[in-house]
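# A look at the structure
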Amino acid sequence: MNIFVETPIGYIRDTFLTPENIQLLETLGPVRWNESTEHLTSQSLRDALEDVDVIVCSWGVPKFDHYVLEKAKNLKMIAYVCGSVNNIVTDEVFNRGIHILSGNDEFARSVAEGIVCYVLAALRRIPQTVQSFAERGWPTEDTLTESLLEQNVGIVGLGAISRYLIPLLKPFDVRIKLFSNHTSTEEAAAMGAEKASLEEIFSSCKIISINSARSPKNYHMINDKLMCLLSPNSLLVNTSRGDLIDEAAMAEHLKLNHFRAILDVYEEEPISMSSPLRGLENAILIPHKGGPTIDRRAAAARIVIEDIQNMMEGKPLKNEISRSRAAMMTHQ
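Quick caveat, the model's predicted, so the values are computed rather than measured. (Residues numbered from 1 in each chain as written. Predicted model: local features only at pLDDT ≥ 70, side-chain atom pairs only at ≥ 80, totals over all residues. Heavy atoms only, no water.)

In terms of nonpolar packing, the biggest core is built from 48 residues, with L49 and F64 touching the most fellow members. Those elements that provide at least two residues to this core are β1 (3-5), α3 (42-48), β3 (54-57), α4 (66-69), β4 (77-80), α5 (91-95), β5 (99-102) and α13 (297-312). It is α13 that contributes the most residues to this core, seven residues altogether. The residues touching L49, leaving out its near neighbours within four places in the chain, are I55, F64, V68, L69, K71, A72 and L75. F179, A196, Y266 and I271 belong to the second-largest nonpolar core, a separate cluster that totals 29 residues. (Core = buried A, V, L, I, M, F, W, Y, C linked by side-chain atoms within 4.5 Å. Buried < 20%, exposed > 50% of the residue type's maximum accessible area, 1.4 Å probe, protein only. Helix = DSSP H or I, 4+ residues; strand = E, 2+ residues; numbered from the N terminus. Contact = heavy atoms within 4.5 Å.)

Given below as structure tokens:
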């Protein structure tokens, strides 16, 4: 089993392919490495894939289209240690019967943890309190802090992140309303959620987490009309993609204190220093750090490498991405 690691030399490779993961990978067959600090071009990747059975790759790898795969006569598996594969796979991959793996499950697990962290920090106003304490010393009056316990929580989108988030929220005795076009009322109830429309979620939930995948049909799905339904003390959380929300409309609402927000993603990244979102007391801005945390990158790579071993041993693959699932994943 000839394995090629396309991820270039550097920090990204080191955080995913730790010594332990390299040791496991090298037990599966001869491993050839990209010896450059840059990703291969499409032409270089095309040439590199001759006689390769498995390619291990990450963010920045060229798309696996007909041109790249033309010489890859032996390729059986693309092992992508990161999350969404939407922008790297094509119909050619699936038509050839090449297995596509992803570390998406571990990414989703980490992001779900991050959402709980963000919500608690925003409700308890931890960033504001820390800043005030540093600048003005011990507070002389109480700041309005709130609990997650027994709140109404709305979740927009049911993908891997939401499937991890819902169980994480259960110990807080929250009431969960879920918007998903791909889930029945019965399926939502089995997970401990009530299926609801976007309008119902935005008009009745204290906390709303945007977890939908980016796609053309989801562009600005959270619009001015929906944001008008939010109550002044509600909290909008976005760890998905920035353009799911009409950012200009959101900035206007926040200026008028119509609701609060904690944002990890933006329509334009890096977010401009002149963005109208900056400097708003009711908006906590985080530079796309929702997950996975750096220490979980190795776990994402490990589950992918374990599936390479599963393929070799004829066992079921735990992290394979189907054609239909790839189509529903976030467009980068």
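Additional details are given in the paragraphs that follow.
Quick look at the packing of aromatic side chains now. Summed over the entire model, instances satisfying the criterion amount to four aromatic pairs. When the ring of F16 is compared with that of F107, the centres are 6.4 Å apart and the planes differ by 15 degrees; the resulting orientation is stacked. Of the two residues, F16 is situated in helix α1 (residues 11-16) and F107 in helix α6 (residues 104-123); the sequence distance between them amounts to 91 residues. Here F16 and F107 have matching classes, each one buried. Cluster of aromatic residues (ring-pair linked, three or more members): F16, W59 and F107. (Phe/Tyr/Trp six-rings, centres within 6.5 Å; stacked < 30°, edge-to-face > 60°.)

Time to look at the state of the cysteines. Evaluation of the coordinates by the stated rule reveals zero disulfides. The thiol of C228 is unpaired, and the distance to the nearest cysteine sulfur, on C205, comes to 17 Å. (Disulfide = S-S within 2.5 Å.)

Attention now moves to the packing of α6 against α13. Contact geometry of α6 with α13 gives a least axis separation of 8 Å together with a crossing angle of 150 degrees. Between α6 and α13, the angle is such that the two are roughly antiparallel. With respect to the hand of their crossing, α6 and α13 are arranged in right-handed fashion. Residue-level contacts link D105, E106 and F107 of α6 to A299, A300 and I303 of α13. The residue inventory of the contact of α6 with α13, partitioned by class, reads four nonpolar, no polar and two charged. (Axes fitted to C-alpha atoms, helices over the stretch in contact; angles between N-to-C directions. Parallel < 35°, antiparallel > 145°, perpendicular 65-115°, else oblique. Left-handed = near helix turned anticlockwise from the far one by under 90°. Nonpolar A, V, L, I, M, F, W, Y, C, P; charged D, E, K, R; others polar.)

Bringing the sheet that holds β3 into the picture now. Strands sit in the order β2-β1-β3-β4-β5 across an open sheet of five strands; the sheet is parallel. At either margin of the open sheet sits one strand with a lone partner, and together these are β2 (31-33) and β5. Each neighbouring strand pair of the sheet contributes to a mean axis angle of 20 degrees, computed without reference to strand direction. As defined by bridge partners, β1 adjoins β3 across three bridges and the pair is classed as parallel. Following the sheet pairing, I3 is matched in β3 by V54. Strand contacts of helix α2 (residues 19-26): β1, β2 and β3, with the helix running at about 130 degrees to β2, the strand carrying the most contacts. (Pairing = 2+ DSSP bridges.)

As a further point, take the environment of P139. As for its position among the elements, P139 is in the loop between α7 (126-136) and β6 (152-156). Overall, P139 belongs to the partly exposed group, its relative accessible area being 49%. Between the C-alpha atom of P139 and that of T129, which follows or precedes it by ten residues, the distance is 8.8 Å.

At a closest axis distance of 10 Å, the pairing of α2 and α13 adopts a crossing angle of 10 degrees. On the basis of their axis angle, the class for α2 and α13 is roughly parallel. Packed against α2, whose contacting residues are N21, L24 and L25, the element α13 presents A298, A301, R302, I305, E306, I308 and Q309 at the interface. Among the residues making up the contact of α2 with α13, the classes are represented as six nonpolar, two polar and two charged.

Strands sit in the order β8-β7-β6-β9-β10-β11-β12 across an open sheet of seven strands; the sheet is parallel. Two strands lie at the open edges of the sheet, namely β8 (193-195) and β12 (283-285), each paired on one side alone. On average, adjacent strands in this sheet sit at an angle of 20 degrees to one another, irrespective of strand direction. Here β6 runs beside strand β9 (residues 207-210); their pairing, made up of four bridges, is parallel. The residue bridging I155 from the neighbouring strand is S209, located in β9.

Let us now look at the pattern of salt bridges. Should the charged atoms of two oppositely charged side chains come close, the side chains can pair. Across all of its chains, the model carries 16 salt bridges by this definition. Residue E313 is joined to K315 by a salt bridge in which the shortest nitrogen-to-oxygen separation is 3.1 Å. Taking relative accessible area as the criterion, E313 reaches 44% and is therefore assigned partly exposed. Overall, K315 belongs to the partly exposed group, its relative accessible area being 46%. (Salt bridge = Lys/Arg side-chain N within 4 Å of Asp/Glu carboxyl O.)

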